[in-house]
Structure formats: C-alpha cells, structure tokens
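# Coordinates in review
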Amino acid sequence: QVQLVESGGGLVQAGDSLRLSCAASGRTFSSYTIGWFRQAPGKERDFVTAVSSSGSNTIAADSVKGRFTISRDNAKKTVYLQINSLKPEDTAVYYCAAQNQPWRPDRVRWGQDAYDYWGQGTQVTVSS
C-alpha cells in the first residue's frame, strides 16, 4: 500500500524551470517503479517518464527528453521531476503513479493500468 502526493506545480513563464515532487508513504516504496504522467485540458493522460525501483533504469517520452529528468531518493520516499525550459505545451496536471512489477519498458511506458497507485496531481501552467 502506497499513498502518493504531488507538489511543486504552479504558474510559470515559458523558459522557467520547476521541480515537482512525489512524496510517498508506505514501507514498500523502494520496491515500486514510479512514473510521471500528465493530462492537459481535454486531452488523454500521457506518459512522461519513469524510474525503476532501484533507480537503475529510466525511460522518458520522446517529447520530454532533454528537458525532463526523473530521480528518486528512496530514503526520503520521494521521486522528483526536474523540468527545464518549460513550454506552453507542457501545461497539464502532472501525476505520479506506482507499480510493483518487474521493470519492462513497454509496460512502464504504455500500461497505465499496471500502475496501482496514483496521486492527486499538481497543476503546471506555462504562459508564453
């Protein structure tokens, strides 16, 4: 059982940077793959990036490579999403989610139903 809470969103200007946090409760946090997803108004929820339980594997959507960096601190039970050079098209609600399955990129990337726990989301709004 894992509870996830996102924070760090806000209203920023294009070119700014943000660091989102996903804080978790639960003793088994370190065994979970954590993914970040985002959902823009009127759009489907899309995969952004994910990190394996140990931190040894990461994967990211092509659209965010080079600007978004995921990291985790299992001692603090927190996963971070560093976002640089924000663009208006990054505007969305950002969610973190957890799954406890062996690392498999296809499932991590495409299988949203494989994630058992979801946070409430944090809003990121980027003005031009």
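The structure this text deals with has already been given above.
Below: a short report on this structure. (Residues numbered from 1 in each chain as written. Predicted model: local features only at pLDDT ≥ 70, side-chain atom pairs only at ≥ 80, totals over all residues. Heavy atoms only, no water.)

With that settled, consider the environment of S63. By secondary structure assignment, the location of S63 is in the loop between β6 (58-60) and β7 (68-73). Residues S63 and V48, 15 residues apart in the sequence, show an inter-C-alpha distance of 8.2 Å. (Helix = DSSP H or I, 4+ residues; strand = E, 2+ residues; numbered from the N terminus.)

In this section: the state of the cysteines. Throughout the structure, instances matching the rule amount to one disulfide. With a sulfur-sulfur separation of 2.0 Å, C22 is cross-linked through a disulfide to C96. Disulfide C22-C96: the torsion about the S-S bond is 75°, which places it as right-handed. Within this pair, whereas C22 is found in strand β3 (residues 18-25), its partner C96 is found in strand β9 (residues 92-99), the two being separated by 74 residues in sequence. For C22, a relative accessible area of 0% puts it in the buried group. Owing to a relative accessible area of 0%, C96 belongs among the buried residues under this scheme. (Disulfide = S-S within 2.5 Å. Buried < 20%, exposed > 50% of the residue type's maximum accessible area, 1.4 Å probe, protein only.)

It is worth spelling out unusual backbone geometry at this point. With phi around 55°, K77 is a residue other than glycine that occupies positive phi space. Structurally, the position occupied by K77 is in the loop between β7 and β8 (78-83). Relative accessible area serves as the criterion here: at 29%, K77 is assigned to the partly exposed category. Even without a glycine there, the phi angle at S85 is positive, about 50°.

With that settled, consider the side chain of R38. Assignment of secondary structure puts R38 in strand β4 (residues 33-39). In this structure the side chain of R38 is engaged in a polar contact, spanning 2.9 Å, whose partner is the side chain of Y94. If we skip the residues at most four places from it in the chain, R38 touches E44, R45, D46, V48, S63, V64, F68, E89, D90, A92, V93 and Y94. (Polar contact = N/O pair within 3.5 Å; in protein donor to acceptor, adjacent residues only side chain to side chain. Contact = heavy atoms within 4.5 Å.)

The next subject is the packing of aromatic side chains. Evaluated as defined, the whole model comprises six aromatic pairs. Here Y32 and Y117 contribute two aromatic rings whose centre-to-centre distance is 5.9 Å and whose plane-to-plane angle is 65°, an arrangement assigned as edge-to-face. One end of the pair, Y32, is in the loop between β3 and β4; the other, Y117, is in strand β10 (residues 117-118), and 85 residues separate them in sequence. Just as Y32 is buried, Y117 falls in that class too. (Phe/Tyr/Trp six-rings, centres within 6.5 Å; stacked < 30°, edge-to-face > 60°.)

Hydrogen bonds along the backbone pair up the strands of a sheet, which may run parallel or antiparallel. Reading across from one edge, β1-β3-β8-β7 is the order of the four strands in this open sheet, with antiparallel pairing throughout. Here the strands that pair on one side only, and so sit at the sheet edges, are β1 (3-7) and β7. Strand-to-strand twist in this sheet, taken as the mean axis angle between neighbours without regard to direction, amounts to 15°. The pairing of β1 with β3 spans five bridges and is antiparallel. Paired with L4 across the bridge in β3 is A24. (Pairing = 2+ DSSP bridges. Axes fitted to C-alpha atoms, helices over the stretch in contact; angles between N-to-C directions.)

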